[in-house]
Every structure is written in structure tokens, then in C-alpha cells.
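# Summary of structural features
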Amino acid sequence: MSDQPLKRELFDQVMVPNYAPATMIPVRGEGSRVWDQEGREYIDFAGGIAVTSVGHSHPEMLATLQEQGKKLWHLSNVMTNEPALKLAQQLTAATFADRVFFANSGAEANEAAFKLARRYAHNKFGPEKHEIIAFEQGFHGRTLFTVSVGGQAKYREGFGPAIEGITHLPYNDIAALEAAVSDKTCAIVMEPLQGEGGINAAAPAFAKRVRELCDQYQALLVMDEVQTGVGRLGTLYGYEQLGITPDILTSAKGLGNGFPVAAMLASASVAEHFEVGTHGSTYGGNPLACAIASKVLDLINQPQVLSAINTKSKHFKAGLAAINERYNFCAEIRGSGLLLGCAMNKQYQGQASTFQQAAAEVGLMVLVAGPDVIRMAPSLLIPDTDIDDGLALLEQAVAKVVG
Ligand SMILES: *Cc1c(COP(=O)(O)O)cnc(C)c1O
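Residues numbered from 1 in each chain as written. Predicted model: local features only at pLDDT ≥ 70, side-chain atom pairs only at ≥ 80, totals over all residues. Heavy atoms only, no water.

A word on the packing of helix α14 (residues 352-362) against helix α15 (residues 384-402). Remark: α14 packs on α15, axes separated minimally by 8 Å, with the N-to-C direction vectors making an angle of 125°. Between α14 and α15, the angle is such that the two are oblique. Between α14 and α15 the crossing geometry is right-handed. Residue-level inspection shows Thr 354, Phe 355, Ala 358, Ala 359, Glu 361 and Val 362 of α14 in contact with α15, the latter providing Leu 393, Gln 396, Ala 397, Val 398, Lys 400, Val 401 and Val 402. Looking at the contact of α14 with α15, its residues break down into nine nonpolar, two polar and two charged. (Axes fitted to C-alpha atoms, helices over the stretch in contact; angles between N-to-C directions. Helix = DSSP H or I, 4+ residues; strand = E, 2+ residues; numbered from the N terminus. Parallel < 35°, antiparallel > 145°, perpendicular 65-115°, else oblique. Left-handed = near helix turned anticlockwise from the far one by under 90°. Contact = heavy atoms within 4.5 Å. Nonpolar A, V, L, I, M, F, W, Y, C, P; charged D, E, K, R; others polar.)

Spatially, β4-β12-β11-β10-β7-β5-β6 is the arrangement adopted by the seven strands of the open sheet, whose pairing is mixed. The sheet is open, and its two edges are formed by β4 (99-103) and β6 (166-169), each paired on a single side. On average, adjacent strands in this sheet sit at an angle of 20° to one another, irrespective of strand direction. When strand β5 (residues 131-135) meets strand β7 (residues 185-190), the two strands line up parallel, connected through three bridges. (Pairing = 2+ DSSP bridges.)

In this section: the pairing of β5. With four of five residues buried, β5 is to be regarded as a mostly interior element. Note: β5 against β6, four bridges, orientation parallel. The residue bridging Ile 133 from the neighbouring strand is Thr 167, located in β6. Handedness of the crossover joining β5 and β6 through helix α6 (residues 144-149): right-handed. (Buried < 20%, exposed > 50% of the residue type's maximum accessible area, 1.4 Å probe, protein only. Right-handed = clockwise from strand over helix to strand, strands pointing away.)

Moving on: the sheet that holds strand β16 (residues 367-368). One open sheet accounts for four strands, arranged β13-β14-β17-β16; its pairing is antiparallel. The open sheet is flanked by β13 (330-336) and β16, the only strands paired with a single partner. Bridge count between strand β14 (residues 339-344) and strand β17 (residues 373-376): four bridges; the pairing is antiparallel. Considered in β17, the bridge of Leu 340 is made with Met 376. Each of β13, β14 and β17 touches helix α13 (residues 303-327); the most contacted strand, β13, lies at about 175° to it.

The next point concerns the site of the ligand. Close to the ligand lie Ser 105, Gly 106, Ala 107, Asn 110, Phe 139, His 140, Gly 141, Glu 191, Asp 224, Val 226, Gln 227 and Lys 253. At 2.8 Å from an oxygen atom of the ligand is found a main-chain nitrogen or oxygen belonging to Gly 106. Between the ligand and Gln 227 there is a distance of 2.7 Å, counted from an oxygen atom to a side-chain nitrogen or oxygen. Relative to its free-state accessible area of 380 Å², the ligand is covered by the protein chains to the extent of 81%. Of the residues forming the shell around the ligand, the biggest block, three residues, is contributed by helix α5 (residues 106-125). Of the residues contributing to the shell around the ligand, the split by class is three nonpolar, six polar and three charged. (Near = heavy atom within 4 Å. Polar contact = N/O pair within 3.5 Å; in protein donor to acceptor, adjacent residues only side chain to side chain. Areas by Shrake-Rupley, 256 points an atom, 1.4 Å probe, with all protein chains shown as cover.)

Next up on the list: the packing of helix α3 (residues 59-71) against helix α12 (residues 287-300). In the contact formed by α3 and α12, the axes pass within 9 Å of each other and the chain directions differ by 155°. With respect to α12, the axis of α3 lies roughly antiparallel. For the pair α3 and α12, the crossing hand works out as right-handed. Together, Glu 60, Met 61, Thr 64, Leu 65, Gln 68 and Gly 69 of α3 and Pro 287, Leu 288, Ala 291, Ile 292, Lys 295, Val 296 and Leu 299 of α12 make up the contact between the two elements. Its residues assigned to classes, the contact of α3 with α12 comprises eight nonpolar, three polar and two charged.

According to the domain assignment, the protein chain contains domain 1 (9-57 + 303-402) and domain 2 (71-300). Spacing between the C-alpha centres of domain 1 and domain 2 amounts to 27 Å. At the interface, 26 residues of domain 1 touch 23 residues of domain 2. Linking domain 1 to domain 2 there are one salt bridge. Here domain 1 and domain 2 share 14 residue pairs in polar contact (both at pLDDT 80 or more) between them. Counting residues per element, the ones that place at least two in the side of domain 1 that touches domain 2 are α2 (47-50), α13, β13, β14 and β17. Considering every element that reaches the side of domain 1 that touches domain 2, the biggest residue donor is α13, with four residues. (Domains from an automatic or database assignment. Salt bridge = Lys/Arg side-chain N within 4 Å of Asp/Glu carboxyl O.)

Right under this line is the structure:
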């Protein structure tokens, strides 16, 4: 091999074709800025899909990576380790939960959550109580169980038979939920705000009814906070804003700032149904991942940091609204904290990715959430000047598309 830079074309020769990556290849990042092989600069409003919560190359993250890297990476769950104990202590102190299970991705944390919910119901009420209620447009990962619970049929197509006993209902529809829930329901699974599904927030009244029905039917409320957790919505977890408490919660993306780590949190009375030997993960809870997540929590879970996220959110939304006033391309600017969406108006239906492409061309990374929504999920520590510079680029991109 020569030391010529590897090109995007190589992707098609050596990779499974399940992704269609951009033509440029990023090589370096700092804060909310990224540079590609050609030295071209981008402002990062994508945050690696709501993952790089404290930004690229954060000095304290680098120090933690080095420090723990020199000590211990992995031993397996035959032994516990100090970073895992510390992280579990932090997570239980900061949330409703009493117990933590560590995994490596959002899908794995959800897999654990869904298995635990079924196991709990099986142990306490018998095998009949195994049905899961989930919501249309919901996203929970790409394993077979998680695509089965997910509310987008296209992710299940051709992978059948799917996991049985799952019902999908319209999100925020109390009447549909009341009609579907029964003594056979073991869990209701929801995101506090649907990320992949289009930046759709749960109505507080809906969330409250979900909780009531779970209590009434002795079902567990599983809150998927893989995307919304770790400060993304301006509180450490999104459920706090809905005035309800889940029984199980999953957290991943922002927790590791790009290092693969995930957690399933549960109350003690639920967690006890994962007895010794019932579930596990080779890497889950390894010292390197846990030390990193622990540092992310240190950096984010501070009142002034969380409140700054809300201030940045207002600033960001006002900037988006101002662009929309000049170019009239979206019907709604929505989301909370730093998980924001611009929903296309009638004229631009289906064209979110056209705007995304135009943004990339002027040096701005944004995301989409389905065909009709431009999604932004930058670092939670993004400086206001980067928000302003990025919005100026977005305006250029919008001007090009709208004309
Ligand atoms: C991204 C996401 C997942 C899946 O996480 P992976 O780490 O990709 O497995 C699950 N649930 C939600 C809400 C997500 O946004």
C-alpha cells in the first residue's frame, strides 16, 4: 500500500453496500469544526447523529482516554471494575434508576430492555403477558428485536419472521392506546421525542396516560432515550420534562461522545428479574468505555451546562426562524434542547436531503429525519459563534435550493 489518501471509491469495492456515504472523507475534528482530506472546513451541526455531545477532541476526553488507556481496557464481566462502578453510581444518583446494565450500542441497550420487560412479566404473571406496545415512526435500533419493536415497517422488510407480540400505534394518540392496552401487555415502549422519526415530541398528557395505563395493567414503561439522553433535550434525560418516571430507560449515543457505550437503567424491583446468567455482553461495561462515559457525564450533568443548552436552543431556533422568514421553506421549526428539526412546507415536501446536500456543499453538516425534516444535533457545548457561522452557511444553502 502507498501512503496516497484512501478514496471514497474504495468504499464500494471493500464495504457491504448498506450505507451511501458522502464523497468527502473527514480526517480531523475540533469542537464543532471538522476537516476533510483536502483540508476543507465544515461546521458540524450533525454531531455524528447526536453522539458527539461534548464535541471533537475535547481536551478532558483526550486526557481520560489516555489515562484509562494506560491502565486497563478490558477484563470481561467475570470481574467488575472501578470505572463501571463509578459510572453506575453517577447514573443511579442522577436518575430514577437503582440498577444499571452496560452495553455497547443503543440497539443492545434496547434489546436488554425488551428482554428484561418480557422476563419480568413472565416471572411475575406468566408467559401470556408478553405483548409490547410501541409507536409508529419510533426507532429503536437495527437488531431483529429492535426493528420488530420499531415503528417503520421498511426496516423489517425481508428479514422475517419478525419477533411476535408487538403492536404499533400512532404516537400521541391516547384513544388508540386505551383501546389496545390489555392484561397481556408487558411493556409500552416510547421515545420522549422521536428523533429518527421526524423530531416529534410526546405530548405531556399522552406520556402521563402511558404511565397511568402501565400502572393499571401492570406493564412496564420503557423509555428509549438513546438519542434524547445525556442533556440532548436540555435536561439530563427527556422524561424529566414529561413529569413521569419510566421503569426502564436506555441511553447510548451522547453517553460516549463517539466511544461505543450504552446503558440500560432500571428500578431495583424490575432489575432483579435479570438473575445471574440471564443476559450478558462481552464488552459491555469495560473500563475504557465506562471511564469515557463517566467523564462525559461529569462535563454535561451540571446545572449551568444544562441551562446553557436551553439558551443555545433558543438562539438556534430564533436563527432558523429568521432564515425561514426570508426563504419560507419550512412549515415548522421544532424539537427541544439541541435536537432540532425544520419540517419542510408543502412546496418542499420530500426534499430534506436536497437541503442537506446543499449544506454539505457550502461546508455545513446537517442531518435529516425522514424525507421531510432537516435535523440538527450539534455538540451540546457548541459555541454561539459556531451556531451563528453555521446558520450563515445554512442560509447560503437554503438560498441555493429555494433560489
Ligand atoms: C440511534 C437510536 C437507536 C439505535 O442505536 P445504535 O447505537 O445505532 O444501535 C435506538 N433508539 C433510538 C431512539 C435511536 O435514536
